[in-house]
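What the coordinates show
One-letter residues, chain by chain:
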Amino acid sequence: MTTRTRPRRTEPREVRRQQLIDATIASIAQHGMSGTTMATVTRLANLSSGIVAFHFQSKENLLVETLLSLAREHREVWRAAYDDAALAPEAKLWAFVAAHFHPSVCERPKLSVWFAFFGDAQLRRLYRERLGEIDEERWQEAKRLCRALQEEGGYEGLDPMDIAKSLEGLYDGLWLNMMIHPEEFTAEDAKRQVLQFLARTFPRHFDPERPPDPERPE
C-alpha cells in the first residue's frame, strides 16, 4: 500500500508572508509610513485584505515583521563572512562594512523602511523591544573586533567603544546620503569613505586604497 505524502502547508504560508513584507517595503518607499495602509499593501501584493489580517493581525505587526525581516537579512549577510574562522580581525570588521552596503541590503526601498522607523517614536520603541538582541549582537562583536585591532596594533589613545560608535554613525549617515542624493552617493562611494576612516584609525591594518584580504600574508 502506497502512503501519499501530504503537501507541505508551511511553504505557501511563508510565500504569502514574504509577498506582504515585500509589498510593505514598496508601499513605505512610495507612500511613507503614514500613507502605508493595509489597502496599499494588499493592492501592491495583489492579495486580499483578509490575507494580511490572517498573517499579521494588525498594521503594527506587519510593520514590525517587515523591519525584522530586513534586520535578519542584514545579519545573515555579515555573519556569512564573519563566521569564517580563517578571517583576520580586520577582514571580519570589513565584513560588517560590506554587509551594510551589500546589494540585497542597501536598496533604496529598504533604506526607506529603516528611516521611516527611526522617525516614528512608537515604532522606535517597538524596534528596541523586538530588534534589540540583533543589534546588541552586532554591537558587541564590533566592539570586540575594534578592541582586538587596538591591542594587536598597539594603537595608543584609541577607545574601541568610541570607534564602534563612530562606525555605526557612519553607516547611518551614509545610508541617509544615499537616500537623499542617490545620484551622488553609491554603495561603492560609501564603502570607500568607511575604508578611509578605518585606515586613519588602524593604519597598520587597513590600506586606504584596498579593503583587507580575507587572509593576511604570513
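To be clear, the structure that these remarks concern was listed above.
Residues numbered from 1 in each chain as written. Predicted model: local features only at pLDDT ≥ 70, side-chain atom pairs only at ≥ 80, totals over all residues. Heavy atoms only, no water.

**Looking at the packing of helix 4 (residues 59-82) against helix 6 (residues 108-118)**
Spelled out, the test is: An axis is simply a line fitted to the C-alpha atoms; with a helix, the fit covers only the stretch in contact. Between two such axes, the angle follows the N-to-C directions and lies from 0 to 180 degrees. Numbering of helices and strands runs from the N terminus, with a helix taken as a DSSP run of H or I at least four residues long and a strand as a DSSP run of E at least two residues long. Should an angle lie under 35 degrees it is considered roughly parallel, over 145 roughly antiparallel, and from 65 to 115 roughly perpendicular; all remaining angles are considered oblique. A crossing counts as left-handed when the near helix is turned anticlockwise from the far one by less than a right angle, and as right-handed when that turn is clockwise. Contact between two residues is taken to exist if any of their heavy atoms lie within 4.5 Å; hydrogens are not considered. Just so you know the grouping, Ala, Val, Leu, Ile, Met, Phe, Trp, Tyr, Cys and Pro go in nonpolar, Asp, Glu, Lys and Arg go in charged, and all remaining residues, Gly too, go in polar.
At a minimum axis separation of 11 Å, helix 4 and helix 6 run at an interaxial angle of 120°. It follows that helix 4 is oblique to helix 6 by the angle criterion. Considering only the axes of helix 4 and helix 6, their crossing is left-handed. Residues Leu63, Val64, Thr66, Leu67, Leu70, Ala71 and Glu73 of helix 4 pack against Lys110, Val113, Trp114 and Phe117 of helix 6. For the contact of helix 4 with helix 6, the class distribution of residues is eight nonpolar, one polar and two charged.

**Concerning the environment of Thr37**
You can see Thr37 is positioned in the loop between helix 1 (10-31) and helix 2 (38-45). Sequence separation between Thr37 and Asp172 is 135 residues, and the spatial gap between their C-alpha atoms is 26 Å.

**Here's the deal with the side chain of Ser27**
Quick note on the threshold: By the criterion applied in these results, polar contacts are pairs of N or O atoms within 3.5 Å in which, for protein atoms, one can donate a hydrogen and the other can accept it, and in which residues neighboring in sequence qualify only through two side-chain atoms.
Mapping Ser27 onto the fold places it in helix 1. At 2.8 Å, the side chain of Ser27 and the side chain of Thr40 are in polar contact. Excluding residues that lie within four positions of it along the chain, Ser27 makes contacts with Gly32, Thr36, Thr40, Val41 and Leu44.

**Comments concerning the packing of helix 7 (residues 121-153) against helix 8 (residues 160-180)**
In the contact formed by helix 7 and helix 8, the axes pass within 8 Å of each other and the chain directions differ by 125°. With respect to helix 8, the element helix 7 is oriented oblique. In this structure, helix 7 meets helix 8 at a crossing whose hand is right-handed. On helix 8, the residues that touch Arg138, Trp139, Ala142, Lys143, Cys146, Arg147 and Gln150 of helix 7 are Pro160, Met161, Ile163, Ala164, Lys165, Leu167 and Glu168. Classifying every residue of the contact of helix 7 with helix 8 by side-chain character gives eight nonpolar, one polar and five charged.

In short, the description is geometric, and any link to function would need to be established separately.
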